[in-house]
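# Notes for the structure review
Listed below are the residues making up each chain.
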Amino acid sequence: MRDRPTGPGSEEDEAVAPATQPQPERRRWPRDAPMEALRSAASPALTPLHFSTRNLRPDEQFQAWRAHMAPLVEVRLPDNIPPEDGFVAEQTAWHCGNLLIVQQRAPGHSYLRPQAMLRASPIDHWYVELLRSGMTWTEVDRRVAENGTGRLVFRSLGYPFRGRTTAAESVLLFMPYELFADDAAVFGETNNLVLSGNLADLLINYINGIEPRLDRLTAEEIPRIVHTVHDMVVACVASSARPDAGGLQTNKGMMERAHRYIHLNLHSAELTPDAIARAIGVSRTRLYQLFEASGGVLNYIRRRRLQQAHAALSDPADSRPIAEIAEAAGFDVAANFTRAFSHEFGVSPREIRKAAATERPVAPAAPAGRHRGSTIGDWLKALGN
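What comes next is a walk through the structure. (Residues numbered from 1 in each chain as written. Predicted model: local features only at pLDDT ≥ 70, side-chain atom pairs only at ≥ 80, totals over all residues. Heavy atoms only, no water.)

Given a rise of 1.5 Å per residue, 12 residues ought to cover 16 Å, and the 16 Å separating the end C-alpha atoms of helix H12 (residues 334–345) matches this to within 8%. Count one or two residues on from H12 and you reach Gly 346, which has phi positive near 80°. (Helix = DSSP H or I, 4+ residues; strand = E, 2+ residues; numbered from the N terminus. Expected span 1.5 Å × (residues − 1).)

Turning to unusual backbone geometry, a few remarks are in order. Phi is positive for Asp 141, which is not a glycine, with a value near 50°. You will see that Asn 192, though not glycine, has its phi angle at about 60°, which is positive. By the element assignment, Asn 192 lies in the loop between strand S11 (168–175) and strand S12 (193–195). Since its relative accessible area comes to 3%, Asn 192 is described here as buried. (Buried < 20%, exposed > 50% of the residue type's maximum accessible area, 1.4 Å probe, protein only.)

Turning to the sheet that holds strand S2 (residues 74–76), a few remarks are in order. Taken together, five strands build an open sheet; the order of strands is S2-S5-S10-S7-S8 and the sheet is antiparallel. Strand pairing shows two members of the sheet lacking a second neighbour, S2 and strand S8 (143–147), which therefore form its edges. Averaged over all pairs of adjacent strands, the angle between their axes in this sheet comes to 15°, without regard to strand direction. Pairing analysis gives five bridges linking strand S5 (residues 109–113) to strand S10 (residues 161–165), with the strands arranged antiparallel. Bridge assignment links His 109 to a residue of S10, and that residue is Thr 165. Contacts between helix H3 (residues 58–69) and the sheet are confined to S2 and S5, with S2 contributing the most and set at about 160° to the helix. (Pairing = 2+ DSSP bridges. Axes fitted to C-alpha atoms, helices over the stretch in contact; angles between N-to-C directions. Contact = heavy atoms within 4.5 Å.)

Ile 101, Leu 152, Leu 173, Met 175, Val 233, Ile 262 and Phe 291 are the most contacted members of the largest nonpolar core, which has 52 residues in total. With near-sequence residues (within four places) excluded, Ile 262 lies in contact with Leu 271, Ile 276, Phe 291, Val 297, Tyr 300 and Ile 301. Among the nonpolar cores identified, the runner-up in size contains 27 residues, and Trp 65, Val 73, Val 75 and Leu 380 belong to it. (Core = buried A, V, L, I, M, F, W, Y, C linked by side-chain atoms within 4.5 Å.)

As structure tokens, then:
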């Protein structure tokens, strides 16, 4: 048996050396927590809303999509596609107070928002369409806006339109009229507008940045994001406005001024058709014509007051009695307020107040008889709350 070497550089020396040589001093104080860990300490604030036809039978899929989209648009298949072939469509929505972000994937189809639908609908939001893939062609007032991959279009749900889309993936940002109440001068004639230029590119980059983080956003971050989106949209619209756009005396310009006046005077007892007509400089007849698509000016005011009441009841810091909130919404009789509120949102005022007290928000319920759950219309009605 051979003797093991013991001299310098031998295996034994190497094995012992680390234990006998002086070791560098190790610092004992804790390291700073990574920023990502600090961010994760706050609980995510958003719970996604989902709709999908994927698990339905192929012959049921398009009818389910049609029912889901019915409060917003009438949808139809291309002439050469039978319903039995299937229609796999999906939406994931994120409710951010005054902003609804919808991630959508759908096959090719056509869509129509007719004048008759506007009369019965409280939905008159602005929205931005960002296409991830595919093409859309949408006509408003005989003007067609073509949208393609990586581009933006700005449009109002308060006016009729029609169009078609290829199979497409998109991100849709819906915002209530009230969010832009102070921007009437910018939005006078900008419906169905293709947004372009450096500011549009910046908005696209911002959307691309927040979309993968939606499931991690905190309650503190959401209002700041809504504020930023608002400012960026206004800047994009102002820089992309068509040179042939008319002034504020066009129909849309007058409508925006009327919306702004109603928003600023929503709880005033003096908010009447006569007062609105005087404020925007039109006759009562002209005012009624402007709001015909919304079911009339009084109906529009009533819906806006109900939405404000929903927001108040959803606020844990608002301790006013329900009767006082009802009176501020223009209802002297509590039973009438409860009936109107429940019809509009599918839940009672007391249910909303109770949910707010436990800090567990309640989304508008699906109307009776709807067996597939809430529609995109229900998601949009909750905006601002």
